[in-house]
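Below, each chain spelled out in residue letters.
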Amino acid sequence: QVQLVESGGGLVQAGGSLRLSCTASGRTFSSYTMGWFRQAPGKEREFVAVIRWSSGITYYGESVKGRFTISRDNAKNTVYLQMNSLKPEDTAVYYCAAAQNMLFLPTTPQRYDYWGQGTQVTVSS
């Protein structure tokens with residue numbers, strides 16, 4: 001059974017940084033693509049970033065490009081989201097997700113098979 005556990009959320013002032021972690025367990029993830037999404041109250045779930053586990057190829061949502069960095073540590077089965085220059089509009093619950101055997105880098109929630117429980121990020125102005 002696949003499990004994804006996020007951590008690292010919290011309260012930070014605008015302009016600050018946070019690093020989220022997503023630790024995966026339950027199987028070998030070399031054929032998976034891992035994504036980060038976020039959801040603010042009253043809004044749809046929004047794509048943030050994605051990484052292919054095997055190659056490390058990445059892609060970012062327009063609103064976070066240049067500020068956020070997704071990476072992975074194969075030995076720890078962990079994916080990270082480094083968030084810099086945070087803005088109040090980055091406030092949301094952040095979710096980690098995993099998709100199997102994708103030929104492309106998926107950016108829609110429907111393409112993902114497994115989800116973590118989410119971690120709250122709050123950016124104060």
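Structure report, in brief. All values derive from a computational prediction rather than experimental measurement. (Residues numbered from 1 in each chain as written. Predicted model: local features only at pLDDT ≥ 70, side-chain atom pairs only at ≥ 80, totals over all residues. Heavy atoms only, no water.)

## Here's the deal with the sheet that holds strand E7 (residues 68-73)
Formally: Only strands that DSSP links by at least two bridges are regarded as paired with each other. A run of H or I in DSSP becomes a helix once it reaches four residues, and a run of E becomes a strand once it reaches two; helices and strands are each numbered from the N terminus. Helix axes use the C-alpha atoms of the stretch in contact, all axes being lines fitted to C-alpha atoms, and the angles between their N-to-C directions lie in the range 0 to 180 degrees.
Taken in spatial order, the four strands of this open sheet run E1-E3-E8-E7, and their pairing is antiparallel. Two strands lie at the open edges of the sheet, namely strand E1 (3-7) and E7, each paired on one side alone. Across the sheet, the mean angle from the axis of one strand to that of its neighbour is 15°, orientation sign disregarded. Here six bridges tie strand E3 (residues 18-25) to strand E8 (residues 78-83), and the two strands are oriented antiparallel to one another. Counterpart to Thr23 in the pairing with E8 is Thr78.

## Quick look at the state of the cysteines
The condition that has to hold: Note on disulfides: each one is a pair of cysteine sulfur atoms within 2.5 Å. Burial classes: relative accessible area under 20% of the type maximum marks a residue as buried, over 50% as exposed, and values in between as partly exposed (1.4 Å probe, protein chains only).
Within this structure, the stated rule accounts for one disulfide. Across the disulfide from Cys22 sits Cys96; the S-S distance is 2.0 Å. Classification of the bridge connecting Cys22 and Cys96 rests on its S-S torsion, roughly -70°, and on that basis the disulfide is left-handed. Taken as a pair, Cys22 in strand E3 and Cys96 in strand E9 (residues 92-100) lie far apart in primary sequence, 74 residues in all. The pair Cys22 / Cys96 is uniform in exposure class, with both members buried.

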